[in-house]
Structure formats: C-alpha cells, structure tokens
Amino acid sequence: MTEWFSALSYFEKFYWVIAGISSTIFVFILITTFLIGDADGVDGDVDVEIESDTGIGFQFFTFKNLVAFFTIFSWAGISCMDAGYGKGVTILVSTIAGLIMMFIMGALIYYINKLVSSGTLKLENAVGNVGEVYLTIGANRSKVGKVHVNIQGALRELDALTDTEESLKTGTVIEVKEITGTGILIVQPLNQ
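Residues numbered from 1 in each chain as written. Predicted model: local features only at pLDDT ≥ 70, side-chain atom pairs only at ≥ 80, totals over all residues. Heavy atoms only, no water.

## Remarks on the packing of aromatic side chains
What counts, and what does not: Aromatic rings from Phe, Tyr and Trp, with only the six-membered ring used for Trp, were paired whenever their centres fell within 6.5 Å, and each pair was classed as stacked if the ring planes differed by under 30 degrees, edge-to-face if by over 60, and tilted otherwise. Burial here depends on accessible area, computed with a 1.4 Å probe over protein chains only, as a share of the maximum for the residue type. Under 20% is buried, over 50% is exposed, and the range in between is partly exposed. A helix here means a DSSP run of H or I that spans at least four residues, while a strand means a run of E at least two residues long, and both kinds are numbered starting from the N terminus.
Evaluation of the coordinates by the stated rule reveals 9 aromatic pairs. On the basis of an interplanar angle of 80° and a centroid distance of 5.1 Å, the ring pair of Phe 69 and Phe 70 is categorised as edge-to-face. Classification of Phe 69 as buried rests on a relative accessible area of 13%. Judged by relative accessible area, Phe 70 falls into the partly exposed class, the value being 37%. Taken together, a centroid distance of 5.5 Å and an interplanar angle of 20° make the contact between Phe 69 and Phe 73 stacked. Highlighted residues: Phe 69 and Phe 73, both in helix α3 (residues 63-82), separated by 4 residues, approximately one helical turn. For the pair Phe 69 and Phe 73, one class covers both residues: buried. One aromatic cluster is present, built from ring pairs that chain together Phe 11, Phe 14, Tyr 15, Phe 69, Phe 70 and Phe 73.

This is the structure in structure tokens:
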C-alpha cells in the first residue's frame, strides 16, 4: 500500500488524501444519522407560538455540505485522473461536481425542513369555528367554562367565556368570535 501511494504524484496524493479523510467523515455522519437521528438542537417539546419565521432558510455552507463537497470533489478528481484528463480539466470537473453536490445537499435539507410541522396550536385558527359547550360558561364573562372546538384538524378542549345575558349550558352549539390576550375563547350560541 505504501509503495502504491509513494508512486503517486503530489497531485494524485492530494486527491487521494482528501478522498480518504472526507469519505471516512461522510460514512461516520451517515451511520450516526441513521442510528441517532439528525438533531437540530431541539431538547424537548415546547408548545409556544412564534409569529415570525426565525429559520435561516437555505444553508449552503454547513459542515455536512462541506463534507459532501470534498467527498465528491476528490472522487470526481480521481475519476478524471484515471480517465487520463489533465490537471486543469480535473480541477475544473471536480470543483463543479463538488459545488453541484453542495447545492443538492443544501436544497435537500432546505426542502425537508419545510416539510416539518411544528404542531403548535394557533388559537387564531379557532375564530369562526363551531363547537360545543362542555362545561357551563357563565353569562357576561362571569365564569370560565370549557368548549370542544375542532382546530387545525384536532378536537380541542379549551377555556371559554361569553358576552351573552344567559349562561351557556353543556351541549349548547357555539361559534368562536374572538380570542382574549390570555388565550380564552369568546364564544356565542350559534343560533344568535
């Protein structure tokens, strides 16, 4: 093995060293991704509402993208040398192949992250929805009750108040009119 490596030119050694290192790191990342998963720094399930998108979006220069670049760059270069191309063509082809791989990896991660749903309940989505009183709601916001309302495809049990002159009894069909600053639904009977 050492004789084979010694017989290579410095140009060929450069590509083989990069191929060895980057391929080893690539295989390690691949195995750990399948065994452990791809952690994004999420340490728990937090149910918070964020009004703006704080994501970075498309990321071109990441560790995984750089590893992918050097892996494809080196193997494309080795392939070009084996095919008998000169140094200039080899460098050009391997660099273009590496950049294409970085772009593909960045786009893949970007679009996969867009598929992820946060699962965060957005109470604004309840406005206009119809539901049913579960626990009696006091008249004129005198007593907080509970309602069942379908929000974001799931039946939710939420606190509710009403501005009507009469209490809303269990089983009354209601419509959500607004949301208070503290997250309590303001409802009214549907027949009003």
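## Things to note about helix α4 (residues 87-115)
Quick reminder of the rule: Multiplying 1.5 Å by the residue count of a helix minus one yields the expected span of that helix. Should any heavy atoms of two residues lie within 4.5 Å, those residues are counted as being in contact.
Relative to the 42 Å expected for 29 residues at 1.5 Å per residue, α4 spans 42 Å between its end C-alpha atoms, a close match to the ideal helical length. When α4 is considered as a whole, its buried residues turn out to be Thr 90, Ser 94, Gly 98, Met 102, Met 105, Gly 106 and Ala 107. Packing partners of the buried residues in α4 comprise α2 (10-36) and α3.

## A closer look at the confidence of the model for the protein
What counts is decided by this rule: As a per-residue quantity, pLDDT reports the predictor's confidence and falls between 0 and 100.
Across the protein, pLDDT averages 84, with 85% of residues at or above 70. Predicted confidence is poor over residues 40-54, with pLDDT under 50, and the contacts of this stretch with residues over four places away or in other chains come to 9 contacts.

## Structural notes on the sheet that holds strand β1 (residues 130-135)
Selection rule: By definition, two strands form a pair when at least two bridges between them are found by DSSP. In this description, a line fitted to the C-alpha atoms serves as the axis of each element, helices being fitted only across the stretch in contact, and the angle between N-to-C directions of two axes falls anywhere from 0 to 180 degrees.
Taken together, 5 strands build a closed barrel; the order of strands is β1-β2-β3-β5-β4 and the barrel is mixed. When the angles between neighbouring strand axes are averaged without regard to direction, this sheet yields 55°. As judged from the 7 bridges shared by strand β2 (residues 145-151) and strand β3 (residues 154-162), these two strands associate in the antiparallel manner. Across the sheet, the residue bridging to His 148 is Glu 157, located in β3.

## Considering the pattern of salt bridges
Two side chains that carry opposite charge are able to pair once their charged atoms sit near each other. Inclusion rule: Criterion for a salt bridge: a side-chain nitrogen of Lys or Arg within 4 Å of a carboxyl oxygen of Asp or Glu.
Under the counting rule described, the total for this entry stands at 3 salt bridges. A salt bridge links Arg 141 to Asp 163; the shortest N-O distance between them is 2.6 Å. Taken together, the positions of Arg 141 in the loop between β1 and β2 and Asp 163 in the loop between β3 and β4 (173-179) put the pair 22 residues apart, joining distant regions of the chain. Since its relative accessible area comes to 38%, Arg 141 is described here as partly exposed. Glu 175 serves as the salt-bridge partner of Lys 177, at 3.5 Å between the closest nitrogen and oxygen.

## With respect to unusual backbone geometry
Despite not being glycine, Asn 140 shows a phi value in the positive range, around 50°. Within the fold, Asn 140 resides in the loop between β1 and β2. On the basis of relative accessible area, Asn 140 is assigned to the partly exposed category, the value being 44%. For Arg 141, which is not glycine, the phi dihedral falls at a positive 60°.

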